[in-house]
Amino acid sequence: MKLLKTIGIGSAVAAMALLAATGASFAQTRIAVVAKDIGNGFFVAAGKGAEEAAKELGDVEIIFTGPTEPTAEGQIEVINTLVAQQVNAIVISANDPDALVPALQKAKQRGITVVSFDSGVAAEGRDVQLDPSSIDLIGKTIVKLAADNLPDGKGKIAFLSGTATATNQNAWLAAAKEHYAEFPGVEVVSTVYGDDLFDKSYREAQGLIASFPDLAAISAPTSVGIVAAAQAVTDAGLIGKINVTGLGLPSEMAAHVKSGASKSFAIWNPIDLGYSATMIAYHLLKGEAKAEPGAEIAIGRVGKIVLDDNRSAAMSDPFTYDASNIDQFSSIF
Amino acid sequence: MSSLTDAPESPVTHRKIPDRLDNPLRSALLSWETLLLLVAVVIFIVNSFASPYFLNAWSLSDLTFNFTEKALIALAMALLIIAGEIDLSVASIIALASTLMGLAVQSGADTPTLVAIGIGTGLACGAFNGVLVTGLKLPSIVVTIGTMSLFRGLSFIILGDGVFKGYPKDFGFFGQGYVFWVISFELALFLVAAVIYWFVLHRTNFGRRIFAIGNNETAARFSGVRVAQVKFVLFCLTGLMSGIAAVLLTSRLGSTRPAIAQGWELEAITMVVLGGVSILGGAGSIIGVVIAAFIMGLVTFGLGLLNVPGIVMSIFIGLLLIVVIALPIVYRMARK
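Residue numbers restart at each chain and count upward from 1, following the sequence in its written direction. Following the order in which they are written, the chains are lettered starting with A and the ligands numbered starting with 1. Confidence filtering applies because this is a predicted model: local features only for residues at pLDDT of at least 70, side-chain atom pairs given and counted only at 80 or more, and all residues used for totals across whole chains, interfaces and linings.

Enquirer: So what exactly am I meant to see when it comes to the overall build of chain A here?
Expert: Along chain A, the regular secondary structure elements total eleven helices and 14 strands. By the burial criterion, 52% of the 333 residues in chain A qualify as buried. Within chain A, residue pairs in contact and separated by at least 24 positions form 70% of the contacts whose partners lie at least 6 positions apart. Helix and strand definitions follow DSSP, with helices as H or I runs of at least four residues and strands as E runs of at least two, each counted in order from the N terminus. The burial criterion counts other C-beta atoms lying within 10 Å of a residue's C-beta, which is placed from the backbone; the residue is buried at 20 or more, exposed at 12 or fewer, and partly exposed between these limits. Whether two residues are in contact is decided by their C-beta atoms, placed from the backbone, lying within 7 Å.

See the structure below:
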């Protein structure tokens, strides 16, 4: 029994010391940022953005948390502990838009402001949803990125998309069409589908290179397609002749940016996203903005948003990555 | 023979024969349950000091939602593991039961029908496991690894990446309602179920048979225990509890996706093992499992209140499991 006691008391004291050391301070405004899962670089970056917003606002403490596995059940447990801590706001990217609704409604009943970002929560479970970008802005970006690096702004470009039925990509390509007129030098010669499979995308890119000898750019609004196209251009020895761009992940594109196969590409910036969502939550809980259709909310250095009928809004153009900033972001996501 | 009769006056009449060889008070103090209770109390006290938000009726009530559904499964799982079997498909049974309930909602089923479908699906899945294990004499770990993929696979086929929602409003009571003040329906149901399972395991012939099978299946069979029948009933019970958990969880989430309750089988088994049930079968108690469930809830919620990242929680639970299992062994070695 003596040994048991010693171990018991010893571990209790140790645990108390450990817990006391990590104990949070309170009294100021506390905004919790809930990731889909902890250890996901995208959300770690969003957390950094939230910290940046907190520093700018002054009296805000950020609680960055999330479940171990990306599950709705795990996030509900996290939400319950945040409600118990009486945080002022919860900023969350949801693993499930519907399953979180009852837990978040409970949070709202207890006076907690709820803002979802990236992966949204159904309208009845949150105050505001912040999308990283809008279909229209993405559509414009995938043309603009190709046009920006054309010699004299003139040349032939082709799209390499995901599957022919993908809702996202088709909406972006349709939106891109609306913006063709703004880039008169650009001639879109073809749209092919790599099905978000690396080898099929690679072969489709090879096909484009063979069919259009004077092709100047390939724009791939898919993280699989853009890497495959960059690889195909590299393997064909056409770096500098054909520029690959579109939407991709910095970690996967870093090598191709450095080799010159891709001069620039875009994707939402998770730091800005965390920053903006935190700003929105702060303005809402301070009563400086209202979560209602048509409301305008300032988001610091990023600008402002206007809420639509669903109380959701798009943050900004996708963020452009090139040789100047790729190293900073490729380690993040 | 002669040596016996030649022996001096027999001392037998002076020797005291104890009723039992162990000292009941001493063994109660040294029991696993006491140790667990001690751990639970320590964690409770540490939590109260560590966070100002812990000692609050609503916080404590919210805390129970972290474990009640899993603990309901753990009750039946404890019986199954004591009998020397295991069921790894419980979380997948939840997924299938929830999916079928969602399917029924689409055709306008009312709340009693939904509950019946949820529990019925659980029971059917459990019976299916039971038939494969007892009828075909397959090892339960292999069978339930198979049905784990099968049941969840079926809900993936039905749902794909879609979602079922639109559950009736009164259906929300099971996972979100309260029977009295801060006592949730889930907690009340768990406590009632715990008493029933305690009675069945520790106070009935059926319970004795479970221990007998777990200790020595052959001996149990030769003693007239219908081993296959008992095991079949235990698989059905585990399925039934998974079905009940499916009703509660679906009601709490208000929606169904095929990824629902992912990984819960391991958490339920962790509760059982932490509760002192021998993973080899033949030993364990319901009280231990109940305390273990509360410990898991206290630890996850307490660390959550301090915003300790989830991975640290997993490490903590793992350490707790090792410490609680190793402590009695270390103690025995130290005494020698």
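Enquirer: I would appreciate a short explanation of the interface of chain B and chain A in the present structure.
Expert: The figure often quoted for interface size is the accessible area lost as the parts come together. Taken together, the 37 residues of chain B in the interface contact 37 residues of chain A. For the side of chain B that touches chain A, the secondary-structure elements that each account for two or more residues are α3 (32-50), α4 (57-64), α13 (227-253), α15 (286-305) and α16 (310-335) of chain B. Only Asp, Glu, Lys and Arg are considered charged in this grouping, and only Ala, Val, Leu, Ile, Met, Phe, Trp, Tyr, Cys and Pro are considered nonpolar; every other residue, Gly among them, is considered polar. Here the residues of the side of chain B that touches chain A sort into 20 nonpolar, 13 polar and four charged.

Enquirer: I'm lost on the confidence of the model for chain A in this one. Help?
Expert: Interpretation of this model should avoid reading the predicted coordinates in detail wherever pLDDT is low. All names here are of chain A. On average, residues of chain A score 86 in pLDDT, and 92% of them reach the 70 mark or higher. As a per-residue measure, pLDDT tells how confident the predictor is, with possible values from 0 to 100. Per-element averaging of pLDDT across chain A places helix α1 (residues 2-22) at the bottom with 48 and strand β3 (residues 89-92) at the top with 96. Taken together, the stretch residues 16-27 has pLDDT below 50 and engages in 13 contacts with residues farther than four places along the chain or on a different chain.

Enquirer: I keep staring at the domain arrangement of chain A and nothing clicks. Help me out?
Expert: All domain edges in this entry derive from an automatic or database-based domain assignment. Once the domains are mapped, chain A shows domain 1 (28-133 + 270-316) and domain 2 (135-267). Measuring from the centre of the C-alpha atoms in domain 1 of chain A to the corresponding centre in domain 2 of chain A gives 33 Å.

Enquirer: Quick question: what am I supposed to make of the sheet that holds β3(A) here?
Expert: Remark on secondary structure: sheet strands pair via backbone hydrogen bonds, oriented parallel or antiparallel. Residues and elements named next belong to chain A. Strands are labelled as partners when DSSP assigns at least two bridges between them. Strand order in the open sheet formed by six strands is β2-β1-β3-β4-β5-β13, with parallel pairing between adjacent strands. Either end of the sheet is taken by a strand with one partner, and the two such strands are β2 (60-65) and β13 (312-314). Adjacent strand axes in the sheet meet at a mean angle of 20 degrees, parallel and antiparallel pairs treated alike. Across three bridges, the pairing between strand β4 (residues 113-117) and strand β5 (residues 128-131) is parallel. In the strand pairing of β5, V115 is matched with V128. All axes are obtained by fitting lines to C-alpha atoms, using only the stretch in contact for helices, and the reported angles, taken between N-to-C directions, cover 0 to 180 degrees. Helix α10 (residues 270-285) rests against β1 (29-34), β2, β3, β4 and β5 of the sheet, and its axis sits at about 160 degrees to β4.

Enquirer: Just checking my understanding: could you explain the sheet that holds strand β7 (residues 186-193) of chain A for this structure?
Expert: Residue and element names in this part refer to chain A. An order of β7-β6-β8-β9 is seen for the four strands of this open sheet, with the pairing classed as parallel. Since the sheet does not close on itself, it has two edges, and those belong to β7 and β9 (243-246), each with one partner. Across the sheet, the axes of successive neighbouring strands diverge by a mean angle of 25 degrees, strand direction being ignored. Pairing analysis gives four bridges linking strand β6 (residues 155-161) to strand β8 (residues 215-220), with the strands arranged parallel. For I157, the partnering residue across the bridge sits in β8 and is A217. Together, β6, β7, β8 and β9 form the strand contacts of helix α5 (residues 135-148), whose direction differs from that of β8 by roughly 150 degrees.

Enquirer: Is there a simple way to think about the pairing of β5(A) in this case?
Expert: All names here are of chain A. Side chains of β5 alternate between two faces, with V128 and L130 and Q129 and D131 buried alike. As judged from the three bridges shared by β5 and β13, these two strands associate in the parallel manner. Counterpart to L130 in the pairing with β13 is A313.

Enquirer: Is there a simple way to think about the environment of A:D308 in this case?
Expert: Residue and element names in this part refer to chain A. Looking at where D308 falls in the secondary structure, it is placed in the loop between β12 (304-306) and β13. Using a count of 14 C-beta atoms within 10 Å as the deciding quantity, one classes D308 as partly exposed. With 224 residues separating them in the primary sequence, D308 and A84 have C-alpha atoms 32 Å apart.

Enquirer: Please explain the nonpolar core as it appears in this structure.
Expert: Generally speaking, soluble globular proteins have nonpolar side chains that are buried together. Joining buried Ala, Val, Leu, Ile, Met, Phe, Trp, Tyr and Cys residues through C-beta atoms within 7 Å gives a set, and that set is a nonpolar core. In terms of nonpolar packing, the biggest core is built from 205 residues, with A:I90, A:V91 and B:I94 touching the most fellow members. Leaving out residues up to four positions away in the same chain, B:I94 has contacts with B:S242, B:A245, B:A246, B:L249, B:I260, B:A261 and B:W264.

Enquirer: Help me understand the domain arrangement of chain B, please; the structure alone is not making it clear to me.
Expert: Residues and elements named next belong to chain B. Assigned domains within chain B: domain 1 (65-273) and domain 2 (288-325). Computed over C-alpha atoms, the centres of domain 1 and domain 2 are 23 Å apart. Of the residues lining the interface, eleven residues belong to domain 1; the matching set on domain 2 comes to ten residues. Those elements giving two or more residues to the side of domain 1 that touches domain 2 turn out to be α5 (68-82) and α14 (264-274). In the side of domain 1 that touches domain 2, the residues fall into nine nonpolar, two polar and no charged.

Enquirer: Any chance you could explain the environment of B:L132 here in plain terms?
Expert: With respect to the secondary-structure elements, B:L132 resides in helix α7 (residues 111-135). In this structure the C-alpha to C-alpha distance between B:L132 and B:W181, which are 49 residues apart in sequence, comes to 44 Å.

Enquirer: Could you clarify how one ought to interpret the confidence of the model for chain B in this entry?
Expert: All names here are of chain B. Averaged over all residues, the pLDDT of chain B is 89; the fraction at 70 or higher stands at 91%. Segment residues 1-5: pLDDT under 50, and zero contacts once partners within four positions in sequence are set aside and those in other chains are kept. Interface confidence for the predicted complex, expressed as ipTM, amounts to 0.79; the pTM equals 0.78.

Enquirer: I'm lost on helix α9 (residues 250-259) of chain A in this one. Help?
Expert: Owing to its 3.6 residues per turn, the α-helix brings residues three or four apart onto one side. Residue and element names in this part refer to chain A. Buried within α9 we find P250, M253, H256 and V257. Down the axis of α9, the buried side of the element spans an arc of 125 degrees, and every buried residue falls inside it. In this structure, the buried residues of α9 make contact with α8 (223-235), β9, β10 (264-267), β14 (319-322) and α11 (326-330). Phi for G260, located one or two positions after α9, is positive at around 95 degrees. This arc is built from the directions going out from the helix axis to the C-beta atoms.

Enquirer: I keep staring at unusual backbone geometry and nothing clicks. Help me out?
Expert: Excluding glycine, a negative phi dihedral is what most residues carry, and trans is how most peptide bonds are arranged. For A:D195, which is not glycine, the phi torsion reads 60 degrees and is therefore positive. One can find A:D195 in the loop between β7 and α7 (198-211). We classify A:D195 as partly exposed; it has 18 C-beta atoms within 10 Å. The phi dihedral of B:A261 is positive, around 60 degrees, even though this residue is not glycine. Among the structural elements, B:A261 can be located in the loop between β4 (255-256) and α14. Accessibility expressed as a C-beta count within 10 Å gives 29 for B:A261, which makes it buried.

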